[in-house]
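Tertiary structure, described
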Amino acid sequence: MKVRDATVERLERLLQEQAALRRVAMLVARDAPARVIFASVCEEVAAVLGVTTTNLVRYEDDGTATVVGAWAQEGAPLMPVASIPLPLDGGTVAPRVQRSGRTVRVDDYGGLDDVLARRLREVGIRSAVGAPIVVAGRLWGAVIAADSRAYHLAPDAEQRISTFAQLITDALANTDAREQLAASRARILKAGDEERRRLGRDLHDGAQQQLVSAVISLQLAQKRWQDRGRARQLVDDALEHAQAAIGDLRELAAGIHPSVLTDRGLHAALETLGSRAPVPVELVTQLPDRLPMSVETTAYFLVAEALTNVGKYARASRASVTVRVAGDELEIEVLDDGVGGANPAAGSGLRGLADRVAALQGTLDVTSPPGRGTRIHARIALT
């Protein structure tokens, strides 16, 4: 009877552990935020192993550890997340995992006299087991289950906690891949913006200046050839073409990267866009002196595309542009009172802007019910 009871107990523990692993695995699969996964792992490990407290620590380059996840029984001490750095000297679990890169178990902290051991005993911790978390071949941190009783950890605690450590490894690998992709997209966007500014400067300082000089010369010739018939007509035609070319170059340079954005900032650049729009535009901005250039450029081209669409398709009588800093984001809203019915999937302009905003860890939403105008709303991370 006792053997049967022990078998049933083992099966129940196994089912409990598998259910806990599935819950954590589902969070990983859904790309949940790291802090949510860390907190869930700590709670699940504590339940599976029946310990007093569980912590997830990250090893820092300065030889300390930072708590990034924690759980504790009611009434037990909870190690605050992102608290003061933990020293990694002595024989407690965290420093031993860091030194060995392996799963470590310490059944009694009573005989240890290092700083961290004394601190843990003061808050009632007597034993612990910890497993390493390795990301991209590098020891990232450890998951540690601790108990208020010495020699109370399950015999197979090392194996069971290692399984959870592997899930954390997978989650961090996913997060790292996403962050690297986002960083890569941001670098590409920044390089493109820099190239646009260079092309704009080259057009302004090169071809445009040559044409300006030609216009000045033609104007002087025009004044001197007041009565020379055919020659005067040729000069007039050349002057008209040169002035038209300058206008085209200015429009091209502004489309590549407007000089007013570089020289005077986002508010002035948006004022220029509003003055050129085909309908009256109410502009409201709440901005600091300057924002990161990639953010300003993205905001400028978003508003430019939106106002272009107002002129081409909306049949609107007015529009409004609101740009403000909200926390650590730049919020942009463009409204019009036109016919609505805009479909972002149908044109490349808004799709390209959505990609550009996403590259800066932002979001772009378009609301355009038929007959009720269009609202374009974006949030762009400032850092």
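Higher on the page you've got the structure.
Residues numbered from 1 in each chain as written. Predicted model: local features only at pLDDT ≥ 70, side-chain atom pairs only at ≥ 80, totals over all residues. Heavy atoms only, no water.

1. Quick word on the pairing of strand β7 (residues 281-286)
Sheet faces and side chains relate simply in a regular strand, where the side chains alternate between the two faces. Where we set the bar: We treat two strands as partners when DSSP finds at least two bridges between them. Each helix is a run of DSSP H or I of at least 4 residues and each strand a run of E of at least 2, with the numbering of both proceeding from the N terminus. With the strands pointing away from the viewer, any crossover whose connection runs clockwise from the first strand over the helix to the second is right-handed.
Pairing of β7 with strand β8 (residues 319-326) involves 6 bridges; the strand directions are parallel. By the bridge assignment for β8, Thr285 is matched with Val323. In terms of handedness, the path from β7 via helix α10 (residues 293-314) over to β8 forms a crossover that is left-handed.

2. Side note on the packing of helix α9 (residues 266-276) against α10
Under the convention used in this document: Angles here are taken between N-to-C directions and fall from 0 to 180 degrees, while the axes themselves are lines fitted to C-alpha atoms, restricted in helices to the stretch in contact. When describing relative orientation, an angle under 35 degrees is termed roughly parallel and one over 145 degrees roughly antiparallel, while 65 to 115 degrees is termed roughly perpendicular and anything else oblique. In this scheme, a crossing is called left-handed if the near helix is turned counterclockwise away from the far one by less than a right angle; it is called right-handed if the turn is clockwise. Note on definitions: a residue-residue contact is assigned when non-hydrogen atoms from the two residues lie within 4.5 Å. All residues other than Ala, Val, Leu, Ile, Met, Phe, Trp, Tyr, Cys, Pro, Asp, Glu, Lys and Arg, Gly among them, are scored as polar; the first ten of these are nonpolar and the last four charged.
Packing of α9 against α10 leaves a shortest axis separation of 10 Å and a crossing angle of 10 degrees. Classed by the angle they form, the pair α9 and α10 counts as roughly parallel. In terms of crossing hand, the pair formed by α9 and α10 is right-handed. Where α9 abuts α10, its residues Leu266, Ala269, Leu270, Leu273 and Gly274 lie against Glu296, Ala299, Tyr300, Val303, Ala304 and Leu307. Its residues placed into classes, the contact of α9 with α10 shows 9 nonpolar, 1 polar and 1 charged.

3. Notes on the sheet that holds strand β3 (residues 86-87)
Overall, antiparallel pairing links the 6 strands, which are arranged β3-β2-β1-β6-β5-β4 in an open sheet. Each edge of the open sheet is held by one strand with a lone partner, namely β3 and β4 (104-106). Where helix α2 (residues 34-49) meets the sheet, its contacts fall on β1 (53-59), β2 (64-72), β5 (127-135) and β6 (138-147), and the angle it forms with β2 comes to roughly 60 degrees. Helix α3 (residues 93-100) rests against β1, β4, β5 and β6 of the sheet, and its axis sits at about 150 degrees to β4.

4. What about the side chain of Thr66?
The cut-off we apply is this: What qualifies as a polar contact is a pair of N or O atoms within 3.5 Å, subject to a donor-acceptor requirement within protein and to the restriction that residues adjacent in sequence count only when both atoms come from side chains.
Positionally, Thr66 belongs in strand β2. Here Glu60 takes part through its side chain, which lies 2.8 Å from a polar atom of the side chain of Thr66.

5. Focus: the packing of aromatic side chains
Just so we agree on the cut-off: Each Phe, Tyr or Trp ring (for Trp, its six-membered ring) is paired with any other whose centre lies within 6.5 Å, and the angle between the two planes then decides the class: stacked below 30 degrees, edge-to-face above 60, tilted in between. For the exposure calls, accessible area comes from a 1.4 Å probe over protein chains only, and a residue counts as buried if that area is under 20% of its type's maximum, exposed if over 50%, partly exposed in between.
Taken as a whole, this structure holds 2 aromatic pairs when the rule is applied. Aromatic pair Phe38 and Trp140: ring centres 5.8 Å apart, planes at 45 degrees, arrangement tilted. On the criterion of sequence distance, the pair formed by Phe38 in helix α2 and Trp140 in strand β6 is long-range, its members being 102 residues apart. Residue class for Phe38 comes out buried when judged on its relative accessible area of 7%. Their ring planes at 85 degrees and their centres at 5.2 Å tell us that Tyr300 and Phe301 sit as a pair that is edge-to-face. Exposure class is identical for Tyr300 and Phe301. Each is buried.

6. A look at the nonpolar core
Spelled out, the test is: Residues belong to one nonpolar core when they are buried, are Ala, Val, Leu, Ile, Met, Phe, Trp, Tyr or Cys, and are joined through side-chain atoms within 4.5 Å.
Judged by nonpolar contacts, the single largest core of 37 residues is most densely connected at Leu266, Leu302, Val303, Leu307, Leu330 and Ile332. Residue assignment for this core shows that the elements contributing at least two residues are α8 (259-264), α9, α10, β8, β9 (329-336), α11 (348-359) and β11 (374-381). Among the elements that make up this core, the one with the highest residue count is α10 (11 residues). Residues within four places of Leu330 in sequence aside, it is in contact with Leu266, Leu287, Leu291, Val295, Ala299, Val323, Arg324, Val325, Ala378, Arg379, Ile380 and Leu382.

7. Things to note about the sheet that holds β7
Taken together, 5 strands build an open sheet; the order of strands is β7-β8-β9-β11-β10 and the sheet is mixed. A strand with exactly one partner marks an edge of an open sheet, and here the two such strands are β7 and β10 (363-367). Geometrically, the sheet is characterised by an average inter-axis angle of 10 degrees between neighbouring strands, direction not taken into account. In terms of strand pairing, β9 meets β11 through 8 bridges, oriented antiparallel. Across the sheet, the residue bridging to Ile332 is Ala378, located in β11.

Fair warning: the whole summary comes from geometry, so function is off the table for now.
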